Amino acid sequence: MTDLLLRVKNIKTHLPLEEGVLKAVDGISFTIRRGETMGLVGESGCGKSMAVNTIMRLVPSFAQIEGDVAYYPADGDPINITELDPYGPVIRDIRGGEIAMIFQEPMTSFSPLHTIGNQITEAIRIHRTEDKKEASKIAIDLLQRVGMSNPTQRLNEYPHQLSGGMRQRAMIAMALSCEPSLLIADEPTTALDVTVQAQVLQLMRDLQTEFGMSILYITHDLGVIARMVQVVAVMYLGKIVEFTDVDSLFYNAKHPYTTALIQSIPKIGNKSRGRLESIPGAVPVPINRPPGCGFYPRCAAAIEGLCNRIDPPLVQIEEDHAVACFVYPEVVDAAGESTAEGAAHAF
Ligand SMILES: Nc1ncnc2c1ncn2[C@@H]1O[C@H](COP(=O)(O)OP(=O)(O)O)[C@@H](O)[C@H]1O
Ligand SMILES: [Mg+2]
């Protein structure tokens, strides 16, 4: 059995709109190994959700997808997800059974019309056992493990009867009900207050240790990244601009965008009462993008005549550390022989 679980190779998700083609995801590559936790971080609008929805084949039908997403089951041949019928049985088996997803707003995952118990046991009965009683038992056990009080009673409650934090726990229970190999969590704690957020993060860490699944954690919050993942991809305007392990990200950030993101985190014990750094400008909408680096208009380190002309490729410049920025001579060298795939395959 290979320890490779998912290989994403140069995926592009382009949305043809009246104003032009919106390049929501524009050539990203990475791999996830079994048991690994990876983070995808970047400001709102940089294409994180579109990237994972492309992996799950949940993008709008008018979206144009390119590239390969290979899923490596524990037994059997790899499955090329991008070639599957998005409504067919194979992707439906993978969704929920092999790869589970949790979202920011659990109300969009749960139907308001059915009880929590109905929805969790239905997932279990589709993927694990047809026996109703056994499915209920598994559901109660899961609700207990995610820290729900009175799990038996919760089974008969409707989503609106639970608090936000409890709904999020129920959603995690549903996601884990089929023992997925990969859990994709798209900003699952963004809508929660900080105390509940901390509890849910702790819960996910515990469950990851217990179940040993891989996690792809999507967030705009570097604080969450620091607590949750081993390797990190920083996204900007549909591309990965930096890729490294979590320690290097915080202590040895290379891309000016990553540095700016880190400087905008409030620090405890910071005596100065100065204003927090913020990154000037906003993430542009990636329609009719000018040539050059997407971060060029906001970048303090931009090299005139280079960064506004050529888009820097993602290049490995240290062990397990790739960056897409012309401040680094290796990237300038590589631009000559640049391919859109960059160096992320090294991971
Ligand atoms: N259904 C859609 N139609 C048109 N544009 C979209 C749609 N969904 C997302 N976008 C655009 O795609 C880009 C990436 O969005 P998204 O993946 O949601 O970003 P993130 O999750 O990082 O906040 C943004 O510019 C967003 O406006
Ligand atoms: Mg999103």
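On a predicted model such as this, the values are computed, not experimentally measured, just so you know.

**Overview of unusual backbone geometry**
As a rule of thumb, non-glycine residues mostly have phi less than zero, and peptide bonds are mostly trans rather than cis.
Point 1. For Glu 179, which is not glycine, the phi torsion reads 50 degrees and is therefore positive.
Point 2. For Glu 179, the location among the structural elements is in the loop between helix H6 (164-176) and strand E7 (182-186).
Point 3. Of the residues examined, Glu 179 reaches a relative accessible area of 47% and is grouped as partly exposed.
Point 4. Positive phi values are uncommon outside glycine, yet Glu 187 reaches one of about 50 degrees.
Point 5. Positionally, Glu 187 belongs in the loop between E7 and helix H7 (194-211).

**Quick notes on the packing of aromatic side chains**
The way to describe two aromatic rings as a pair is by their centre distance and the angle between their planes.
Point 1. Applying the stated criterion across every chain, the model contains three aromatic pairs.
Point 2. Ring centres of Tyr 236 and Phe 295 lie 5.2 Å apart, and the angle between their planes is 80 degrees; this geometry places the pair in the edge-to-face category. Taken as a pair, Tyr 236 in strand E9 (residues 231-236) and Phe 295 in the loop between helix H10 (256-263) and strand E11 (315-318) lie far apart in primary sequence, 59 residues in all. Considered together, Tyr 236 and Phe 295 belong to a single accessibility category, that of buried residues.
Point 3. Taken together, Tyr 236, Tyr 257 and Phe 295 form an aromatic cluster joined through their ring pairs.

**A look at the sheet that holds strand E10 (residues 239-245)**
Backbone-to-backbone hydrogen bonds join strands into a sheet, with any given pair of strands oriented parallel or antiparallel.
Point 1. Taken in spatial order, the eight strands of this open sheet run E6-E7-E8-E3-E9-E10-E12-E11, and their pairing is mixed. Lying at the two open borders of the sheet, with one neighbouring strand each, are strand E6 (99-102) and E11. Pairs of neighbouring strands in the sheet enclose a mean axial angle of 20 degrees, with direction left out of account.
Point 2. Direction of pairing for E11 relative to strand E12 (residues 321-323): antiparallel, over a ladder of three bridges.

**Looking at the packing of helix H3 (residues 116-127) against H6**
Point 1. Contact pair H3 / H6: the axes reach a minimum separation of 8 Å and the direction vectors enclose 20 degrees. Classified by the angle between their axes, H3 and H6 sit roughly parallel to one another. In the crossing of H3 with H6, the sense of the turn from one axis to the other is right-handed. Facing H3, whose interface residues are Ile 116, Gln 119, Ile 120 and Ala 123, H6 presents Ala 170, Ala 173 and Met 174.
Point 2. Among the residues forming the contact of H3 with H6, the class breakdown is six nonpolar, one polar and no charged.

**Comments concerning the pattern of salt bridges**
Point 1. Using the criterion set out here, one finds eleven salt bridges in the structure.
Point 2. When the shortest N-O distance is used, the salt bridge between Arg 128 and Glu 179 registers 3.8 Å. Placement of the pair is Arg 128 in the loop between H3 and helix H4 (132-145) and Glu 179 in the loop between H6 and E7, with a sequence separation of 51 residues.
Point 3. One connected set of salt bridges, linked through shared partners, spans Asp 26, Lys 239, Arg 289 and Asp 311.

**Points about the nonpolar core**
Point 1. The biggest cluster of nonpolar side chains holds 58 residues, and the ones touching the most others in it are Ile 172, Met 204 and Tyr 217.
Point 2. Residue contacts for Ile 172: discarding those within four places in its chain leaves Ile 102, Val 146, Val 200, Leu 203, Met 204 and Leu 207.
Point 3. Counting 42 residues, the second-largest nonpolar core is a separate cluster that includes Val 25, Tyr 71, Leu 84 and Ala 322.

**Quick notes on H6**
Point 1. Counted at 1.5 Å a residue, the expected span for H6 with its 13 residues is 18 Å, and the 18 Å between its end C-alpha atoms agrees.
Point 2. Counting buried positions along H6 yields twelve of 13 residues, so the element is predominantly enclosed.
Point 3. Where H6 is concerned, the buried positions are Gly 165, Met 166, Arg 167, Gln 168, Arg 169, Ala 170, Met 171, Ile 172, Ala 173, Met 174, Ala 175 and Leu 176.
Point 4. Packing partners of the buried residues in H6 comprise E6, H3, H4, E7 and H7.

Quick notes on the rules
- Residues numbered from 1 in each chain as written.
- Chains lettered and ligands numbered in written order.
- Predicted model: local features only at pLDDT ≥ 70, side-chain atom pairs only at ≥ 80, totals over all residues.
- Heavy atoms only, no water.
- Helix = DSSP H or I, 4+ residues; strand = E, 2+ residues; numbered from the N terminus.
- Buried < 20%, exposed > 50% of the residue type's maximum accessible area, 1.4 Å probe, protein only.
- Phe/Tyr/Trp six-rings, centres within 6.5 Å; stacked < 30°, edge-to-face > 60°.
- Pairing = 2+ DSSP bridges.
- Axes fitted to C-alpha atoms, helices over the stretch in contact; angles between N-to-C directions.
- Parallel < 35°, antiparallel > 145°, perpendicular 65-115°, else oblique.
- Left-handed = near helix turned anticlockwise from the far one by under 90°.
- Contact = heavy atoms within 4.5 Å.
- Nonpolar A, V, L, I, M, F, W, Y, C, P; charged D, E, K, R; others polar.
- Salt bridge = Lys/Arg side-chain N within 4 Å of Asp/Glu carboxyl O.
- Core = buried A, V, L, I, M, F, W, Y, C linked by side-chain atoms within 4.5 Å.
- Expected span 1.5 Å × (residues − 1).

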